[in-house]
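# Structural overview
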Amino acid sequence: MPAPKNSIRRSLLVISTIVLSTVLTAPVALAAPSPSSKPSAGSSATADPSKRPSKSPSKKSKDSKGAKESKGSKGSKAAPPAKMSTVGGTRLGQAGTQVNLASGVPVLPKGLSARSWIVADAESGKVLAAHNAHWRLAPASTLKMLFADTLLPKWPSSTEHKVESSDLAGIGSGSSMVGIKEGETYTVHDLWLGVFLRSGNDAVRVLAAKNGGVESTVEEMNEHAEELQAFDTVVVSPDGYDAEGQVSSAYDLTLIARSGLQKKDFREYASTVRADFPGETKKNKKGKKVRDSFEIQNTNRLLSGDYDVPVYQGIAGVKNGNTTNAGATFTGVAEQDGRVLLVTVMNPEKKESNGVYKETAKLLDWGFKAAGKVDPVGELVPPRSAAQAGARPGAGASPGEAGGAGEGAPGVVGGKPVASAAAGGGAGGIGTALAVTGGVLVLLAGGAFLVNRRWPLPDLVRRRPRP
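Residues numbered from 1 in each chain as written. Predicted model: local features only at pLDDT ≥ 70, side-chain atom pairs only at ≥ 80, totals over all residues. Heavy atoms only, no water.

## So, the overall build of the chain
Scanning the chain from terminus to terminus reveals 11 helices and 15 strands. Considering the chain as a whole, with its 467 residues, one finds that 55% of them fall into the buried category. Contacts in the chain between residues at least 24 apart in sequence constitute 73% of all its contacts with a sequence separation of at least 6. Taken as a whole, the chain presents about 19,300 Å² of accessible surface, with 53% of it coming from carbon and sulfur. (Helix = DSSP H or I, 4+ residues; strand = E, 2+ residues; numbered from the N terminus. Buried < 20%, exposed > 50% of the residue type's maximum accessible area, 1.4 Å probe, protein only. Contact = heavy atoms within 4.5 Å. Areas by Shrake-Rupley, 256 points an atom, 1.4 Å probe, with all protein chains shown as cover.)

Below, the structure is given as structure tokens:
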């Protein structure tokens, strides 16, 4: 059986890279596929992790700047910093709205009030438009996307865990809860439903305890953020509960969502509208112990709908959040006509009901109309390992399935309204970026840039259409 065309092309590109690099005297440098991974002149933010503040919450010097920005995000007069990260492109580090409007490109929607937002093609990584994309703000429960992307691969969904009182220690006042009870046994599948559907901080704490504790989980999350090149992100609390110094950005949350969506179980949990959750064990009238279940519904209103927000066509997740400090935050992914878009919206200033979903829907509408017409203002960079290995994520660089099951394993989610369908994609659109300057310097080689120009979302989960 002949080899797939994309595989042949990829092999030829990589072989040509290796042959070319061997005849040059200058060393070959690997580079992530970002047109502007280095900061612009005078920028204090950088893609170099050695120049970033420590993410360890145990260090007193931790991210004092991030803490100030996070606290200031509540005030109506808060403004983005003059200097922000330029990961993904120099324009993404500039304050204000960045978009290339030209003939045939629809104008941006009116009434946008979010402090920060971004619209990106989930597969190609092109950023179609952005507003203060790298502004470091409190993320609220959208940070649970990073929690899930970090921990989901660790246990098969059928793994059971009996909850101890220590598992539920330290949950913040007013936290969203799914209703986990001490002494009861839950499967990992149950716990992840609690995280994704109800944004349950109790479910996060139990999973963190199973992972060795909150401190070690926070450390792993920060390390994973570094791997994803989400350099604006500092984790202090794994559930996204307000904490001093805990920040992320619209750009980073979009990177994190894109990584999570490579994992089948992540996609399925994020797109589950409602499911049954185990209740508390009680004795019935006959004295026999019974354990009923109760229904939980996804708090993502573009997925479940609300009185003033219809279900968005093609929505497939991913995560919402809301705290006193962060305001409302949301990252959503949707597919229409074979195109998959990611939109992140952080802290709309208009305090209307479901405002974050309404602004997200407006940006998704604009993105689907503008895609293919508007020139991008930047791009979503791939994880470091993907760039270094020259492997296309989704084809093995991001295994991520629970228990190492892989992409072909049966789905683990039993939520009622979940359906699977292949997303438009393939490895088309792979670009070449091998450049030789003066005949002696290979700027981008090793195949890293060659195979990261498109990031298909395999088996994208979509909702079943309502009757």
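## Description of the confidence of the model for the chain
Mean pLDDT over the chain stands at 77; residues scoring 70 or higher make up 67%. Below pLDDT 50 for its whole length, residues 391-454 participates in 182 contacts with residues either more than four positions away or in separate chains. Long-range and interchain partners of residues 461-467, a stretch whose pLDDT sits below 50, account for 28 contacts in this model, where long-range means more than four residues apart. (pLDDT = per-residue confidence, 0-100.)

## Things to note about the packing of aromatic side chains
Scanning all chains against the criterion turns up 7 aromatic pairs. Ring centres of Phe196 and Phe266 lie 5.2 Å apart, and the angle between their planes is 90°; this geometry places the pair in the edge-to-face category. With Phe196 in helix α4 (residues 188-198) and Phe266 in helix α8 (residues 264-270), the pair connects residues that are 70 residues apart, well separated along the chain. Accessibility classification places Phe196 together with Phe266 in one group, the buried group. When the centroid spacing of 5.7 Å and the interplanar angle of 15° are considered together, the rings of Phe196 and Tyr269 count as stacked. Here the residue Phe196 occupies a position in helix α4, and Tyr269 occupies one in helix α8, the gap between them amounting to 73 residues. Classification of Tyr269 by relative accessible area gives buried; the value is 1%. Through pairs of rings, three or more aromatic residues link up here, namely Phe147, Trp192, Phe196, Phe266 and Tyr269. (Phe/Tyr/Trp six-rings, centres within 6.5 Å; stacked < 30°, edge-to-face > 60°.)

## Here we look at the nonpolar core
Among the nonpolar cores identified, the biggest contains 64 residues, and Ile180, Trp192, Phe196 and Tyr251 are the most heavily contacted of them. With sequence-adjacent residues up to four places away left out, Tyr251 is seen in contact with Val87, Gly88, Leu92, Ile118, Ala133, His134, Glu379, Leu380 and Val381. Grouped together as the second largest cluster of nonpolar side chains are 30 residues, Phe330, Val343, Tyr357 and Trp366 included. (Core = buried A, V, L, I, M, F, W, Y, C linked by side-chain atoms within 4.5 Å.)

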